[in-house]
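If you want the building blocks of each chain, they are given just below.
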Amino acid sequence: MIMRVDMRCRIVLLLGILTQLSPLAAQEASLHDRIDQQLALVQLVPSAVCSDAEFLRRVSLDLTGMPPTADAARAFLDDPNPDKRTVLVDALFASPQYARHQASMLDLMLMERRANTHVPADAWQAWLLASVRANKPWNVLVRELLTADGVDAATRPAARFLLDRGVEPHLLTRDIGRIFFGRDLQCAQCHDHPLVDDYLQADYHGLLACISPSRPQAIKEGETTQTVVAEKAGSELAFESVFLKNPHRTGPRLPAAVAFDEPVLLPGEDYKVAPADNVKEVPTFSRRQRLAELATDGGNQAFNENIVNRLWAQMFGRGLVHPVDWHHADNPAIDPELLKILANAFVQMNFDMKAFLRELALSKAYQRPFDLPQEEASLSTAASATVGPLEKELVDLRAIASQSSDAFSSATDAWYAAEAVALPVAAEVDAAKAAVAEAAKKLNEANAALQVAQTNVQTKQQLAATLATAVDAAQKAAALLPEDASVADAVAKLLAKSQAVAAEVPPLVKAAEDATAVVTASTTTLATAKETFNTTIAKHAPLKQAIIAAEQAMLVARQQMTADKGAVAAIDRRLETAKLVSNIPTFDQQILEADGVAQQAEQQSVASQASLDEYAPVFAAAQSNVAAAKQALQQAEAKRMTAVAEHEKQKMQVVLISETSAAAKRSLDAIPGDAVLTEVLAKLQQRSADAETIVGQGQAAVDTASQAMTAASDAVVQAENALAEAATQLQQRQQAVEKAKADLATAQAVANQKRQQRSDLTTQLNARWVNDFTASSIKPLTPEQMCWSVFRVTGVYQNYWNAEVAELEKTAPPTDAQKSDPAFQATRQTDLEQRVYDKLKGNVGLFVSFYGAAAGQPQSDFFATADQALFAANGGPINSWVGPSGDNVTQRMIQQTDLGLAADDLYLGVLSRLPSAEERREVIDHLTPRTEDKAVAVKELVWAVLNSSEFRFNH
């Protein structure tokens, strides 16, 4: 029930090494045809395409974020229309789910699950969704992202890209470089990149110079404070390598472009809105605005290639350049020419993402199978024939690439040398500009002082005139009232006051004259400073042009180096693949030979063991013979000892009898003729003769026993010799067995090693086929795709959809005219999608928490965790969604009496394909004994397929 993959079947793709397709004229071909034609020149792909079921699930997930319904899957699989894939693609693009899914993919690309700090998630997602629904061109969308300041509520959502990164210059430099230009320049902040020759520190700081003037600014209006993106006037950035300590300067520049020109503005001219408290400053020249314009005007190849590579990766699971933010000479595109074709076509499409994705979906490259037909071809000879020419071509290309690399190094050195010449003059420009700023500041101060002095004179003169008028009037009154002492006193006081004020005027006039002189001098100083500044600028201008020319030459050299390295990499890949292909029969033959050696070794081992087993009785008999011979020897020795003892006893008796007979004879000699003694002597002599006879017999018995013992001893020696010979034979046969076993183990190890090498070869080829898009790769579903796919296959989505349809039919039933109006129906579908989304979107966060990567990290990498497994196995929501409901797959299977058709419902409903014969049998075997609890058994099956790796991945 899980995804079936037979890696051996990919051998059919070896045809791609040996054949070529004739391309159509570019102007006569659609982009998807041009994609296939160009890839055929590099990878020489076969014409195989995936099954309808595989294409249906793949393209549905890639364009709408969810698989099709079971009914839609069955209808598509049964449709005989040869153009049904094109019809399907267009229908998916027309569905409201496309905009939702594409907005989600853009969200992941642009924000990488960062927290919504300044812009609410709903506002941001609504802006993205509206942009996709309106098919807003990519360059327009990016321009809005980079220029929005968050002041206008209508465009504030677009400012999230900057605001929710805190408008932090270094973070934005890295992310703008990665996301919009495909270059992760972070490691070039403090020095040239240690791993990438063409990522220079100047690249990082040039982009930083575009961003660093921007900053977050809190603007308070009443009780509300809102953070917006402000921007100050920019200046050149000074930097040096932490290793070399060589000083450098750069103006604002895009990756792979020269520093762009800025107007020369003096202090006082550089702001439209000058910095002030609670005021958003606005520079006369906005570097961020210029960055956005230059990036998105269609002329920046890095920007263009980056987005087509990312959209390609979105559809194919990996980019032509992979990783997608690692564009550089040592990591060239699988097919650099195809990347250029795509970038240029995208610009010609006016950055139309929908049209571009459609072309990708219709390409044969996108429709490659994951499980390929099980075919093998003997291609070694043809593949081997390509090795020599490719090796020769590679040698030539490497020489060219080495030259272009040297040229790039020389051009870079020349650029730095031009910069070094200009640095002292640039310092003079800085000093002159600072002098202008200081002079302007002093002039402003002098003008302010003059205004105060002139105001003081005017005020004092007006007061003096007023007092003089009052004195004149008082004097006239005093003349009319000469006797009035109070009037006379008032006149005197007014006169004194008037005279005192009049006396204060001349010093104030003098002060105003002095202030005027200061203003005049300050004006002259400022004019002189400006003249010096202009002179210095004029002096710096040719040096700056020399830097620009040197930088342009460096960029041309870098571009050539990148192209040459890409050509080397392309040929190197083809050569390595050809070598691998040509080695397949060799490895297979080595496996056969190793198996033959192992088989012979096994036969020898069996024979040696049989020989050992056959000789075991012989050795055992020899051992028995030795034991028997030793036992016989022991018996012979015992008999001889008995005979010797008896013989000795007999000899003793002879001696005793002889002595007795001698004594009797002496007695008879003493008594001759004594009859008794005579008889005794006669008897003793007879007994002595008998004893001698017995002694002789005993000696004979001893001799016989001695001979028998000697024979037994000889028999023992012979038996022992025979045993020793048998032991030698046994040891030899044991050694032969051990050697045969060792030879067998060695042969088996060699055979296993050859099989592993063959397996490694297959793995390498499979990786190459996936990497160069000869075969389809698998890609994990995003958490959002997982969520909506689960809702789709469990019927939850359709149940909510049906409920919303019923609600709209009740509250806003369409007129007859509206029912036949395509525009109304499209709007209605969009409205329904929005309503269903609003009801279910709260569940997306649950899947993100288990399946999403950390905030600010790339979101395309797959990882599996115990939490994911536990959630899938024990998650209450999933178990409840799997339950029978409406017309979902569980309900259909429960109601289906034909268990084979129930299996069809299961696989069509969850995996958008029909089951294999084995899978159908598994379903039938599982359900057959479960008639009493069929609902539980069906739910178990749905849950199992839902948790399969095939459902977790898109392929």
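Residues numbered from 1 in each chain as written. Predicted model: local features only at pLDDT ≥ 70, side-chain atom pairs only at ≥ 80, totals over all residues. Heavy atoms only, no water.

Chemist: Just to check I follow, could you spell out the overall build of the chain for this structure?
Modeler: Across its full length, the chain holds 30 helices and 8 strands. Projecting the C-alpha coordinates of the chain onto the three principal axes gives extents of approximately 235 × 85 × 70 Å. Taken over 955 residues, the chain has a buried fraction of 45%. Excluding contacts between residues fewer than 6 apart, the proportion of contacts in the chain whose partners are at least 24 apart in sequence is 77%. As displayed, the chain offers around 45600 Å² of accessible surface, 56% of which is attributable to carbon and sulfur atoms. Taking the average location of the 89 positive side-chain charges in the chain and that of its 117 negative ones, the two points are 2 Å from each other. (Helix = DSSP H or I, 4+ residues; strand = E, 2+ residues; numbered from the N terminus. Buried < 20%, exposed > 50% of the residue type's maximum accessible area, 1.4 Å probe, protein only. Contact = heavy atoms within 4.5 Å. Areas by Shrake-Rupley, 256 points an atom, 1.4 Å probe, with all protein chains shown as cover. Lys, Arg positive; Asp, Glu negative; His and termini not counted. Charge placed at Lys NZ, Arg CZ, Asp CG, Glu CD.)

Chemist: For this particular structure, what's the right way to read the nonpolar core?
Modeler: If you look at soluble globular proteins, the nonpolar side chains tend to sit buried side by side. One finds L110, W138, F161, F180 and W312 to be the most contacted residues of the largest nonpolar core, which totals 95 residues. Residue contributions to this core peak at 8 residues, all from helix α13 (residues 301-316). In this structure, V793, V796, I924 and L927 belong to the second largest nonpolar core, which totals 42 residues. (Core = buried A, V, L, I, M, F, W, Y, C linked by side-chain atoms within 4.5 Å.)

Chemist: Help me understand the pattern of salt bridges in this model?
Modeler: Should the charged atoms of two oppositely charged side chains come close, the side chains can pair. Tallied over the entire structure, the rule returns 59 salt bridges. One salt bridge in this structure joins E804 and K839, with 2.6 Å as the shortest N-O distance. Within this pair, whereas E804 is found in helix α20 (residues 796-811), its partner K839 is found in helix α22 (residues 822-840), the two being separated by 35 residues in sequence. Residues D887 and R892 are paired through a salt bridge, measuring 2.8 Å at the closest nitrogen-oxygen approach. (Salt bridge = Lys/Arg side-chain N within 4 Å of Asp/Glu carboxyl O.)

Chemist: I would appreciate a short explanation of the side chain of R287 in the present structure.
Modeler: For R287, the location among the structural elements is in helix α12 (residues 287-296). Overall, R287 belongs to the buried group, its relative accessible area being 2%.

Chemist: What am I meant to see in helix α11 (residues 201-211) here?
Modeler: When you tally the buried positions in α11, you get 11 out of 11 residues, the bulk of the element. Of the residues making up α11, those classed as buried are Q201, A202, D203, Y204, H205, G206, L207, L208, A209, C210 and I211.

Chemist: Explanation requested: the confidence of the model for the chain in the structure shown.
Modeler: Where the model shows low pLDDT, its predicted coordinates should not be examined in detail. Of the residues in the chain, 94% have a pLDDT of 70 or more, and the chain-wide mean is 88. Low confidence marks residues 1-26, where pLDDT is under 50. Its contacts with residues over four positions away, or in another chain, come to 78 contacts. (pLDDT = per-residue confidence, 0-100.)

Chemist: Help me understand the environment of E269 in this model?
Modeler: In this fold, E269 is placed in the loop between β4 (247-250) and β5 (271-273). Between the C-alpha atoms of E269 and F285, which are 16 residues apart in sequence, the distance is 9.9 Å. Apart from residues no more than four positions distant in its own chain, E269 is found in contact with V264 and T284.

Chemist: Hey, could you run me through the environment of T827 in this one?
Modeler: Mapped onto the fold, T827 is located in helix α22. Under the relative-accessibility criterion, T827 is labelled exposed at 53%. Between the C-alpha atom of T827 and that of P96, which follows or precedes it by 731 residues, the distance is 9.0 Å.

Chemist: When you look at a nonpolar patch on the surface in this model, what are you seeing that I'm missing?
Modeler: On the surface, a nonpolar cluster with roughly 340 Å² of combined accessible area is contributed by V242, F243 and L244. Checked against the element boundaries, F243 lands in the loop between β3 (237-240) and β4. Of the residues examined, F243 reaches a relative accessible area of 62% and is grouped as exposed. (Patch = residues over 30% accessible without salt bridge, like charges linked within 9 Å, V, L, I, M, F, W, Y side chains within 5 Å.)

Chemist: Would you explain the packing of helix α6 (residues 96-111) against helix α7 (residues 121-133) in this entry?
Modeler: How two helices pack is summed up by the angle between their axes together with the distance between the axes. Remark: α6 packs on α7, axes separated minimally by 8 Å, with the N-to-C direction vectors making an angle of 125°. Considered as vectors, α6 and α7 are oriented oblique to each other. The handedness of the crossing between α6 and α7 is right-handed. Contacts between α6 and α7 involve Y98, A99, R100, Q102, A103, L106, D107, L110 and M111 from the former and W124, Q125, L128, L129, V132 and R133 from the latter. (Axes fitted to C-alpha atoms, helices over the stretch in contact; angles between N-to-C directions. Parallel < 35°, antiparallel > 145°, perpendicular 65-115°, else oblique. Left-handed = near helix turned anticlockwise from the far one by under 90°.)

Chemist: Is there a simple way to explain unusual backbone geometry in this structure?
Modeler: Excluding glycine, residues mostly have negative phi values, and the peptide bonds linking residues are mostly trans. For the bond from H322 to P323, the omega torsion is 0°, close enough to zero to count as cis. Considering the arrangement of structural elements, one finds P323 in the loop between α13 and α14 (336-348).

Chemist: Explain the pairing of strand β1 (residues 214-221) to me, please; I cannot follow it from the model alone.
Modeler: Remember that side chains alternate between the two faces of the sheet whenever the strand is regular. Bridge count for β1 against strand β2 (residues 224-231) is 8 bridges, and the pairing is antiparallel. Counted as the bridge partner of K220 is T225 from β2. In this structure, the hairpin formed by β1 and β2 is closed by a connection of 2 residues, where G222 is found at a positive phi of approximately 65°. (Pairing = 2+ DSSP bridges.)

Chemist: It is not clear to me how the packing of aromatic side chains should be interpreted in this structure. Could you clarify?
Modeler: Aromatic rings in a pair are described by how distant their centres are and how their planes are angled relative to each other. In this structure the tally under the stated criterion is 23 aromatic pairs. Consider the rings of Y199 and W326, whose centres lie 5.7 Å apart with planes at 90°: the pair is edge-to-face. One end of the pair, Y199, is in the loop between α10 (169-181) and α11; the other, W326, is in the loop between α13 and α14, and 127 residues separate them in sequence. Residue classification places Y199 among the buried positions, given a relative accessible area of 1%. (Phe/Tyr/Trp six-rings, centres within 6.5 Å; stacked < 30°, edge-to-face > 60°.)

Chemist: Before we go on, may I ask you to explain the packing of helix α3 (residues 52-64) against α6 in this structure?
Modeler: Running from N to C, α3 and α6 point in directions that differ by 70°, and their axes come no closer than 7 Å. Looking at the two axes, α3 sits roughly perpendicular to α6. Across the interface between the two elements, L61, D62, L63 and T64 from α3 touch Q97, Y98 and H101 from α6. Considered class by class, the residues forming the contact of α3 with α6 number 3 nonpolar, 3 polar and 1 charged. (Nonpolar A, V, L, I, M, F, W, Y, C, P; charged D, E, K, R; others polar.)

Chemist: Please explain α12 as it appears in this structure.
Modeler: Side chains of residues three or four places apart in an α-helix project in the same direction, reflecting 3.6 residues per turn. Extensive coverage of α12 is indicated by the burial of 7 of its 10 residues. For α12, the full list of buried residues reads R287, R288, L291, A292, L294, A295 and T296. Remark: G298 follows α12 within two positions and exhibits a positive phi of approximately 90°.

Chemist: Which parts of the structure should I look at to understand the state of the cysteines?
Modeler: Here, disulfide denotes a covalent bond that connects the sulfur atoms of two cysteines. As enumerated under the stated definition, the model contains 0 disulfides in all. C187 takes part in no disulfide bond, and the closest cysteine sulfur to it belongs to C190, at a distance of 9.3 Å. (Disulfide = S-S within 2.5 Å.)

Chemist: What exactly am I supposed to notice about the side chain of H327 here?
Modeler: Within the element layout of this structure, H327 appears in the loop between α13 and α14. Under the relative-accessibility criterion, H327 is labelled buried at 6%. Within the local environment of H327, its side chain forms a polar contact with the backbone oxygen of V324, the two atoms lying 3.3 Å apart. When residues no more than four places from it in sequence are discounted, the contact partners of H327 are G182, R183, Y199, E305, N306, N309, V321 and L339. (Polar contact = N/O pair within 3.5 Å; in protein donor to acceptor, adjacent residues only side chain to side chain.)

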